[in-house]
Amino acid sequence: MRSFWFNKLSVIFGPRPPVSWLLLCLVSLLALIAVLGSSSSNAFDSVTPTPVPDIYLNYRRLKEQAAVDYLELRSLSLGASRQRELGLCGKERENYVPCYNVSANLLAGFKDGEEFDRHCEVLRDRNRCLVRSPKDYKSPLRWPAGRDVIWSGNVKITKDQFLSSGSMTKRLMLLEENQIAFHSEDGLIFDGVKDYSRQIAEMIGLGSDSDFLQAGVRTVLDIGCGFGSFGAHLVSLKLMAVCIAAYEATGSQVQLALERGLPAIIGSFISRQLPYPSLSFDMVHCAQCGIVWDKKDGILLIEVDRVLKPGGYFVLTSPSGKLHGTAVGKRKRNVLTPMEELTQEICWSLLAQQDETFIWQKTVDSDCYASRKQSAIPLCKEGHDVQSYYQPLVSCISGTSSKRWIPIQNRSAGSQLSARVLPDNFFEDLRVWRSALKNYWSLLTPLIFSDHPKRPGNEDPLPPFNMIRNVMDMNAHYGGLNAAFLEEKKSVWVMNVVPIRARNTLPLILDQGFTGILHDWCEPFPTYPRTYDMLHANGLLSHLSSESCSAIDLFLEMDRMLRPEGWVVLSDKVGAIEMARMLATQIRWEARVIDLQNGSDQRLLVCQKQFIKK
């Protein structure tokens, strides 16, 4: 056999192979070794130069060919880099939320309810893998249908858990079709959410709930939001309602709200402050949220006061099952007796009480606190809550000396922000983001905001056609991207995240009526998997380059939060973007580097998460 092949080669090359042929074999062998070596190396703890994908310098050409070019994205994740892709986590991690591990917290010594709180310092998980989607996961329906109907396979809630809140024939029929339908009469308010919302408006002296905006109510913190029906109704009134609820392994309120496309985060009133500055919300709402507000000497109610703006409202709907006795007068006494003393201490006044609903209003007069006689609740020292990132709860009243002490009613007829709290470059930042969003929208129209986003086998979608409902701006600055979205009348909402080591611009973001949160990007974000349609970050990678946290862990967390077929848009310097492109390859994102301006060291990285079906 050997002589046969030797004779064949002799016929082709002669008795002795030419030197050029031997050199070609040697070069090919060296190239193969180089490729195999580069594919097995770890480029994420020690980044090495790799070939850069096509970088387009002509914006017009890019715009014209974007749809065609993006079909080639898969090639960036193939070839030599295939062996570096991370594997999928096990089925037990389909709904994995880091930092919430009751067993580990108990072993670490947490008790008295603190074991259910967020403890990232206990996190010691180094199993780097991609959180997979449930077997029956489907792409969410677009708005407005997606706000009222979700796929039951996308959330971890059983049929019995859902129906236990109130069974309806129509809902049961929809469940049989693997869908869950939400209606205004669902949830814990038995008279219907619309009637309940109108009742609240009338109790604070408004004609209807459509007058909330004119009365200065734009942002609402909904504690223990149930299925999110009240928040969904407020969103339809153009209010920003944020659901906050404790971590739940199954039947999570936060997961359901986010799956509906509504703003929500995981949080609890146990031992730490919420990641918001003082004077953040116009209304705080608690309908059967299960919190005993007068326990721990009222420290939980003081936390509500901290985040409530002057003139803001606290709405409490208490379940009748927890009130002893049946007489109306006795029910009033059981709620008001402990609350009355506390609310007077923090300068709240009871506006109205109807059935099981009570509404208090925070004072607009900061001098009220000085006029109290021998109050057991003192004023906080100035500047005590400069960094309100999961600090221990405090039993003092804050915000009274802040420049942001502006009654919400004063905004009803004028601008949303006071000139005395605006930085010099605020409007310049907004101008930049107006221009940037137009570039994004034009650039990504064939990809994300398509006029014809029909998937094979699906029916034609109803308008609006954009394929995203929510955006997380991971380094929000002044919220300029959020403002630009609103000015362009795009049907998305933005979770504005301010890194804790950046300039704390969150008060300015919240004062514009947006939602936002402080966060340390060296830690996981308090949300469930697959809860955001797009992640955006401008300069975040450069900002974090001096931190000790791992870049691959950040990208794994981004992948956990991102829905299948979701998008990532990163803007940063060339070196940071090249590192991000390699990380994107490892976690199986399709990625493309784009240069929008000649001669600039800024690059844009556009990625899409694959929909891996099992």
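Everything numeric here is computed off the predicted structure, so don't read it as measured data.

Caption draft 1: Here's a closer look at helix α17 (residues 551-561). Taking burial as the measure, the 11 residues of α17 include 9 buried ones, the bulk of the element. Within α17 the residues assigned to the buried category are I552, L554, F555, L556, E557, M558, D559, R560 and M561. Between the side-chain oxygen of the N-cap and the backbone nitrogen of I552 there are 3.4 Å, and the N-cap of α17 in question is S550.

Caption draft 2: Region of interest: the sheet that holds strand β8 (residues 348-354). Spatially, the 7 strands line up as an open sheet ordered β5-β4-β3-β6-β7-β9-β8, and their pairing is mixed. Strand pairing shows two members of the sheet lacking a second neighbour, β5 (264-266) and β8, which therefore form its edges. On average, each strand axis in the sheet is tilted by 20 degrees relative to the strand beside it, whichever way the strands run. Direction of pairing for strand β7 (residues 308-317) relative to strand β9 (residues 357-362): antiparallel, over a ladder of 5 bridges. From the neighbouring strand, V315 faces β9, where its bridge partner is I359. Seen against the sheet, helix α9 (residues 229-236) touches β3 (219-223), β4 (240-245) and β6 (281-287) and runs at an angle of roughly 170 degrees to β3.

Caption draft 3: Representation of the sheet that holds strand β14 (residues 562-573) within the structure. Across the sheet, which stays open at both edges, the 7 strands sit in the order β12-β11-β10-β13-β14-β16-β15 with mixed pairing between neighbours. Either end of the sheet is taken by a strand with one partner, and the two such strands are β12 (515-519) and β15 (589-594). With direction set aside, neighbouring strand axes in the sheet form an average angle of 15 degrees. Sheet topology places strand β11 (residues 493-499) next to β12; 5 bridges connect them, and they run parallel.

Caption draft 4: Summary view of the nonpolar core. Formed by 101 residues in total, the largest nonpolar core has its most connected members in W293, F314, W521 and L570. There are two domains that each give this core at least three residues, and those are domain 1 (59-81 + 419-452 + 462-609) and domain 2 (145-320 + 334-371). What L570 contacts, discounting residues up to four positions off in sequence, is A537, L541, F555, M558, I577, A580, R603, L604 and L605. Membership of the second largest hydrophobic core comes to 22 residues, among which are Y196, M203, L234 and A287.

Caption draft 5: A look at the pairing of β12. Counting buried positions along β12 gives 5 out of 5 residues, so the element sits mostly inside the fold. Every second residue of β12 is oriented toward a common face, with T515, I517 and H519 on one face and G516 and L518 on the other, all of them buried.

Caption draft 6: Examining the packing of aromatic side chains more closely. Under the criterion given, the structure shown has 17 aromatic pairs. Between F269 and W293 the ring centres are 5.3 Å apart and the planes differ by 75 degrees, which places this aromatic pair in the edge-to-face class. Of this pair, F269 sits in the loop between β5 and β6 while W293 sits in the loop between β6 and α11 (299-307), placing them 24 residues apart in sequence. As far as the burial class goes, F269 and W293 line up, both buried.

Caption draft 7: Geometry of the state of the cysteines. The tally for this structure, following the rule as stated, stands at 7 disulfides. Note that C380 is cross-linked by a disulfide to C396, the S-S spacing being 2.0 Å. In this structure, the disulfide formed by C380 and C396 twists by about 95 degrees around the S-S bond and is classed as right-handed. One end of the pair, C380, is in the loop between β9 and α13 (426-444); the other, C396, is in the loop between β9 and α13, and 16 residues separate them in sequence. In this structure C380 comes out as buried when scored by relative accessible area, which is 14%. Residue C396 is classed as buried on the basis of its relative accessible area of 15%.

Caption draft 8: Seen up close, the pattern of salt bridges. For the structure shown, the criterion picks out 22 salt bridges. Where R501 meets D520, a salt bridge forms, and the shortest distance between an N and an O atom there is 2.9 Å. Remark: D520 occurs in the loop between β12 and β13 (532-538) and R501 occurs in the loop between β11 and α15 (506-511); sequence separation between them is 19 residues. R501 gets classed as partly exposed once you look at its relative accessible area, which sits at 46%. Using a relative accessible area of 8% as the deciding quantity, one classes D520 as buried. Of the charged contacts in the structure, one is a salt bridge between R560 and E557, with a shortest N-O distance of 2.7 Å. Highlighted residues: R560 and E557, both in helix α17, separated by 3 residues, approximately one helical turn. Relative accessible area serves as the criterion here: at 3%, R560 is assigned to the buried category. The class of E557 is buried, set by a relative accessible area of 7%. Here the salt bridges share partners, and the residues they tie into one network are E259, R469, D533 and R563.

Caption draft 9: Looking closely at the confidence of the model for the protein chain. The share of residues in the protein chain with pLDDT of 70 or more is 72%, and the mean pLDDT across the chain is 78. For residues 321-331, every residue scores under 50 in pLDDT, and the model assigns this stretch 12 contacts once sequence neighbours within four places are set aside. Predicted confidence is poor over residues 451-457, with pLDDT under 50, and the contacts of this stretch with residues over four places away or in other chains come to 11 contacts.

Caption draft 10: Representation of the packing of helix α8 (residues 193-203) against α9 within the structure. One can describe the packing of α8 onto α9 by two numbers: an axis separation of 10 Å at closest approach and a directional angle of 70 degrees. Taken together, the axis directions place α8 and α9 in an arrangement best described as roughly perpendicular. The two elements α8 and α9 cross, and the hand of that crossing is right-handed. Where α8 approaches α9, its residues V193, K194, Y196, S197 and I200 are matched on the opposing element by S229, F230, H233 and L234. Across the contact of α8 with α9, the residue classes break down as 5 nonpolar, 3 polar and 1 charged.

What counts, and where the lines are drawn
Residues numbered from 1 in each chain as written. Predicted model: local features only at pLDDT ≥ 70, side-chain atom pairs only at ≥ 80, totals over all residues. Heavy atoms only, no water. Buried < 20%, exposed > 50% of the residue type's maximum accessible area, 1.4 Å probe, protein only. Helix = DSSP H or I, 4+ residues; strand = E, 2+ residues; numbered from the N terminus. Polar contact = N/O pair within 3.5 Å; in protein donor to acceptor, adjacent residues only side chain to side chain. Pairing = 2+ DSSP bridges. Axes fitted to C-alpha atoms, helices over the stretch in contact; angles between N-to-C directions. Contact = heavy atoms within 4.5 Å. Core = buried A, V, L, I, M, F, W, Y, C linked by side-chain atoms within 4.5 Å. Domains from an automatic or database assignment. Phe/Tyr/Trp six-rings, centres within 6.5 Å; stacked < 30°, edge-to-face > 60°. Disulfide = S-S within 2.5 Å. Salt bridge = Lys/Arg side-chain N within 4 Å of Asp/Glu carboxyl O. pLDDT = per-residue confidence, 0-100. Parallel < 35°, antiparallel > 145°, perpendicular 65-115°, else oblique. Left-handed = near helix turned anticlockwise from the far one by under 90°. Nonpolar A, V, L, I, M, F, W, Y, C, P; charged D, E, K, R; others polar.

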